[in-house]
Amino acid sequence: MNDSWFLTVNRKGKNKIQINSTEIYQSLYLEIKQRLELDISVVQVLEWMVNMVVVAYENYQRQHNTKIAQLTTGALNNSKGRWHEFIVTGFLAKVARNFYLEYKIPLITFRLPSSRDETQPEFFKIFQTQEFQTSYPLENIETIKKRIFFSSPDYIISVIEDEQLFQSIQSYIELQAQQPEYLGVEIYDLLKGRLKAREVKAFISVKVSNRPDRRYQALYETAMIKAISYTSGQMWKYYMMTAEDFSNSDKRIFSQGIAPHGIALNQDLKSVDNMYSAYNQQDLINLVEDAIFL
């Protein structure tokens, strides 16, 4: 099993190790699932996975009677980021499925893909064309949207009014809930150009940890989203999620930060609606309930 977890590659005459993060997640999935269902925090699960990989690599080297290369912190961090995506995507899919079963709310949670062209945010592509027309919610940004630049949020929470569209997406929600490594963008592709502004409820920024040098990237992202929300008469929410604990600086900045357009309006408008760190499964349920009901 452990042999399939690692791949040795030669770069510029030096052997380097690559971690097969998807294979590792699949191999450990039943134990990961068990831990998450016990409401063990995501960061503890990720730390356990890292320890499993370190021990497995030591065994791998002994079995091959060689010291090929060291596992780097960067390689392990990249894998943690990937595992975190798998966990969050599966969590949110299960929450969406359960909300429909319990409340009959056609809830859809989906990932936005990375922008293929940084000058054209994937964010705007999810909306119906008519939403930008006169007398529709996004009319105020129609003439300027090509000059609005910001990174795409990681996840969107929406409630779909089109029952037929919702049913066509259900099979993919099930895939995300049941298959540990499934991160397909089929839901995004199905929704692209089909959402109304009022069907969007919230956005989530998801990170393993919040790097200090990227702290203001998230603030800029939420500033742009909240400004668009305000001018279009929507009540979009924005949440920050990190597997690891927020620093004291993060807590102050994200919990107390005012939305920039609030300064111009002389209104105390929140930049980030809520923060979740060192979270567990119940915290994600709370997040979705806050987005939908409050």
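Residues numbered from 1 in each chain as written. Predicted model: local features only at pLDDT ≥ 70, side-chain atom pairs only at ≥ 80, totals over all residues. Heavy atoms only, no water.

Residues F6, M49, V53, W83, I204, M241 and L287 are the most contacted members of the largest nonpolar core, which totals 51 residues. Elements with a minimum of two residues in this core: β2 (14-19), α1 (21-37), α2 (42-63), α3 (73-103), β4 (155-159), β5 (200-207), β6 (237-242) and α9 (281-293). Core analysis: the next-biggest nonpolar cluster, separate from the first, contains 41 residues, I160, L165, L219 and M275 among them. (Core = buried A, V, L, I, M, F, W, Y, C linked by side-chain atoms within 4.5 Å. Buried < 20%, exposed > 50% of the residue type's maximum accessible area, 1.4 Å probe, protein only. Helix = DSSP H or I, 4+ residues; strand = E, 2+ residues; numbered from the N terminus.)

Here the focus is the sheet that holds β5. Reading across from one edge, β3-β4-β5-β6-β7 is the order of the five strands in this open sheet, with mixed pairing throughout. Since the sheet does not close on itself, it has two edges, and those belong to β3 (107-111) and β7 (274-277), each with one partner. Pairwise comparison of adjacent strand axes, ignoring direction, gives a mean angle of 20° for this sheet. Bridging between β4 and β5 involves four bridges; their strand directions are antiparallel. By the bridge assignment, I156 is partnered in β5 with F203. Each of β3, β4, β5, β6 and β7 is contacted by α9, which is oriented at about 170° to β6, the strand it contacts most. (Pairing = 2+ DSSP bridges. Axes fitted to C-alpha atoms, helices over the stretch in contact; angles between N-to-C directions. Contact = heavy atoms within 4.5 Å.)

The subject of this paragraph is the packing of aromatic side chains. All chains considered together, the criterion is met by 21 aromatic pairs. Taken together, a centroid distance of 5.4 Å and an interplanar angle of 75° make the contact between Y103 and F293 edge-to-face. Taken together, the residues Y103 in helix α3 and F293 in helix α9 connect sequence positions 190 residues apart. Taken together, a centroid distance of 5.9 Å and an interplanar angle of 85° make the contact between F123 and W236 edge-to-face. Residue F123 is found in the loop between β3 and β4, and its partner W236 is found in the loop between α6 (215-231) and β6; the two are separated by 113 residues along the sequence. Of the two residues, F123 and W236, neither departs from the other in class, the shared state being buried. By the ring-pair criterion, three or more aromatic residues cluster together here, those being F123, F124, F127, F132, F150, F203 and W236. Cation over ring: R35 sits above W48, and NZ or CZ is 3.9 Å from the ring centre. (Phe/Tyr/Trp six-rings, centres within 6.5 Å; stacked < 30°, edge-to-face > 60°. Lys NZ or Arg CZ within 6 Å of the ring centre and 35° of its normal.)

Of all six residues in β6, six are buried; the element is thus mostly enclosed. Of the two faces of β6, the one holding K237, Y239 and M241 and the one holding Y238, M240 and T242 are both buried throughout. Here β5 pairs with β6 via six bridges, running parallel. Bridging from a neighbouring strand, S205 pairs with M240 of β6. By the bridge criterion, four bridges tie β6 to β7 in an arrangement that is parallel. Across the sheet, the residue bridging to M241 is Y276, located in β7.

We now examine α9. Here α9 spans 18 Å end to end across 13 residues, near enough to the 18 Å set by a 1.5 Å rise per residue. Along α9, the residues classified as buried are L284, L287, V288, D290 and A291. The buried side chains of α9 occupy one side of the element, clustering within an arc of 155° when seen end-on. Looking at the packing, one finds that the buried side of α9 touches α3, β3, β4, β5, β6 and β7. (Expected span 1.5 Å × (residues − 1). Arc of directions from axis to C-beta.)

What follows concerns a nonpolar patch on the surface. Where nonpolar side chains cluster on the molecular surface, the patch consists of Y103, F293 and L294 and spans about 330 Å² of accessible area. You can call Y103 partly exposed: its relative accessible area is 34%. (Patch = residues over 30% accessible without salt bridge, like charges linked within 9 Å, V, L, I, M, F, W, Y side chains within 5 Å. Areas by Shrake-Rupley, 256 points an atom, 1.4 Å probe, with all protein chains shown as cover. Salt bridge = Lys/Arg side-chain N within 4 Å of Asp/Glu carboxyl O.)

This part is about the packing of α1 against α3. The contact between α1 and α3 brings their axes to 11 Å, and the two run at 50°. Judged on the interaxial angle alone, α3 and α1 are oblique. For the pair α1 and α3, the sense of crossing is right-handed. Listed contacts from α3 to S21, T22, I24, Y25, Y29 and L36 of α1 are S79, R82, W83, F86, I87, F91 and K94. For the contact of α1 with α3, a count of residues per class yields eight nonpolar, three polar and two charged. (Parallel < 35°, antiparallel > 145°, perpendicular 65-115°, else oblique. Left-handed = near helix turned anticlockwise from the far one by under 90°. Nonpolar A, V, L, I, M, F, W, Y, C, P; charged D, E, K, R; others polar.)

Close approach of charged atoms allows side chains with opposite charge to pair. Applying the stated criterion across every chain yields a total of 13 salt bridges. In this structure, K80 engages E244 in a salt bridge whose closest nitrogen and oxygen atoms are separated by 3.4 Å. Taken together, the positions of K80 in helix α3 and E244 in the loop between β6 and α7 (248-256) put the pair 164 residues apart, joining distant regions of the chain. Residue K80 is classed as buried on the basis of its relative accessible area of 13%. Look at E244 and you get partly exposed, because its relative accessible area is 26%. Of the charged contacts in the structure, one is a salt bridge between E142 and K145, with a shortest N-O distance of 3.4 Å. The exposure class of E142 is partly exposed, given its relative accessible area of 34%. By sharing partners, the salt bridges in this structure join R82, E85 and R111 into a single network.

In short, shape yes, function no, at least from these values alone.
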